[in-house]
Amino acid sequence: MSAQWNDPIGGFHPVSGPDYLRVEQLRKLQLGRLQSVVRRAYSNVERGLKPQAVRALDDLGQLPFTVKNDLRDTYPYGLFASPMSEIVRLHASSGTTGKPIVVAYTREDIDVWSSVMLRTFTACGLHQGDIIQNAYGYGLFTGGLGAHYGAEALGATVIPMSGGNTDRQIMVLKDFGVTAICCTPSYFLHILDRAAEMGVNFRELPLRAGIFGAEPWTEQMRRRIETETRIKAYDIYGLSEIIGPGVASECECQAGLHVFEDHFYPEIIDPETRAPLPIGVEGELVLTTLSKKAMPIVRYRTRDISAIEPEPCECGRTIRRIKRIGRRSDDMFIIRGVNVFPSQIEAALLAVEGTLPHYQIVLTRERDLDQMEVQVEVTPEVFSDKIRALEGLHAKISHAVENLLGIRASVRLVEPHTIQRSEGKAQRVIDRRNLK
Ligand SMILES: [Zn+2]
């Protein structure tokens, strides 16, 4: 391994080479891989794919989509394209309803996964010598081991904390000289709150980067984290159905996420008509794996809303960027005919002084009319302040939410630490409308 990539200024790890391929060369590589993945998926799992139909990358648009139910219906091993003897690892998604989705990896798949996570860390400015605290959950969830292998491949020092045990996380952050942390953004906020109570000042720690993913979060939340801690908060993206974390990552420009498109081919479609959308137009992200062996997936509908950025990135990477994912079509709820995404509420709340980014939306139905209550934690200072300050804040938030959505929502200000914290993905919406 050469030494110069270890130079944080301008150097990069050799594994990041594909990030900078000439575009024509990249497209040629993608087409070759696409043809072989379609052949593989066709001969092994017979889902009506016609390999001879793919002569150019655009022909991808003719192939059928894969949706979450296709993966559920074939539980547990139905979509595997490799014999079990070649499968070295299984993971599973935590299904909120029914059976999980099982995903498989060959030895080669694990190597690809490690390499794309290595490229993720490199894009986020990490290198050999960094001490990375990995607080993504280890286990069936892909977050923990995905980040772990990538960080080790990078040559960084990995601390395999997994999620939970917040006091211990803070002790390690402080005592082990940690320079980067991996977790969900909502869990990091929880760590920050607890650290403040314990008298730990993040600005005095060597921590300089947060590698945050596994849930949608807003630009406002990023600014809040960066101002409070002086770390750089990076957004990374991935999903178990495709590989786990490592599908796309921000670079130092923090202006969209580079898709590691030599392995994962992105398209944006209209979620209603399912027609492919042009570059720059927002729609649902669809991904095709180009090199997966154990479980090749063609045109997976992610339900994540994004767009492909039309301009090249200032960092010099030629792999395309997708807009950060602030919302999932799955998370959308409809209240009194209005489509609402939790991220819209989050952005409105973060624009109001005196609130913490801990919130929950509770939906109920009273006399056939949908009601929405937004519960927001206020800062300890505001909470201990006079009633008048609370009333003013209440009015401001109600106004901000109504302004944004055009409907009235009841707002409830709650004491700090009232809303249940999650060590993984935050639960933003509690829908009690169909309980009766
Ligand atoms: Zn870039």
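Per-chain numbering applies: the sequence of each chain, read as written, is numbered from 1 onward. Under the rules for a predicted model, residues below a pLDDT of 70 receive no local features and side-chain atom pairs below 80 are neither given nor counted, while totals for whole chains, interfaces and linings still include all residues. Values reported for side chains reflect all heavy atoms of the structure, with hydrogen atoms and water molecules removed beforehand.

**What about the coordination of the zinc ion?**
Keep this limit in mind: Coordinating N, O and S atoms are those within 2.8 Å of the metal (3.2 Å for Na, K and Ca), and as water is not part of the atoms, a site may appear to have fewer donors than expected. Each label reflects the angles at the metal, where four donors whose angles all fall between 85 and 135 degrees are tetrahedral, four or six donors whose opposite pairs open beyond 155 degrees and whose other angles stay between 65 and 115 are square planar or octahedral respectively, and the rest are irregular. The secondary structure listing takes helices from DSSP runs of H or I that are at least 4 residues long and strands from runs of E that are at least 2 residues long, numbered from the N terminus. Classification of residues uses two cut-offs on accessible area relative to the type maximum, computed with a 1.4 Å probe and protein chains only: under 20% is buried, over 50% is exposed, and between them is partly exposed.
Coordination of the zinc ion by the protein comes from C251 (SG), H258 (NE2), C313 (SG) and C315 (SG), over a distance range of 2.1 to 2.3 Å. Taken together, the four donor atoms coordinating the zinc ion and their angles of 102 to 116° define a geometry best described as tetrahedral. The sequence pattern describing where the donors of the zinc ion fall on their chain is C-x6-H-x54-C-x1-C. Of this pair, H258 sits in strand β9 (residues 257–259) while C313 sits in the loop between β12 (300–306) and β13 (321–322), and the two are 55 residues apart along the sequence. Owing to a relative accessible area of 1%, H258 belongs among the buried residues under this scheme. Of the residues examined, C313 reaches a relative accessible area of 11% and is grouped as buried.

**Thoughts on the sheet that holds strand β20 (residues 429–431)**
Test applied: We call two strands paired when DSSP finds no fewer than two bridges between them. Axes here mean lines fitted to C-alpha atoms, for a helix over just the part in contact, with angles spanning 0 to 180 degrees between N-to-C directions.
Pairing within the open sheet is mixed, and its four strands lie in the order β19-β18-β17-β20. The open sheet has two edge strands with one neighbour each: β19 (410–414) and β20. Neighbour-to-neighbour, the strand axes of this sheet turn through a mean angle of 20°, independent of strand direction. Pairing of strand β18 (residues 369–378) with β19 involves five bridges; the strand directions are parallel.

**Section: the domain arrangement of the protein chain**
Applied cut-off: Boundaries of every domain are those given by an automatic assignment or by a domain database. Note on terms: buried area is the combined drop in 1.4 Å-probe accessible area of two parts once they are placed together, counting the loss on both. A pair is scored as a salt bridge if a Lys or Arg side-chain nitrogen falls within 4 Å of a carboxyl oxygen belonging to Asp or Glu.
Domain parsing of the protein chain yields domain 1 (6–328) and domain 2 (333–431). Once you take the C-alpha centre of each, domain 1 and domain 2 turn out to be 30 Å apart. Across the interface of domain 1 and domain 2, roughly 1,700 Å² is buried in total on both sides, 57% from carbon and sulfur atoms. Linking domain 1 with domain 2 are one salt bridge, by the criterion used here. Here D193 makes a salt bridge to R421, at a shortest N to O gap of 3.3 Å. If you list the elements that add at least two residues to the side of domain 1 that touches domain 2, you get α6 (185–197), α7 (219–229) and β14 (327–328). Ranked by residue count, the leading element in the side of domain 1 that touches domain 2 is α6, at six residues.

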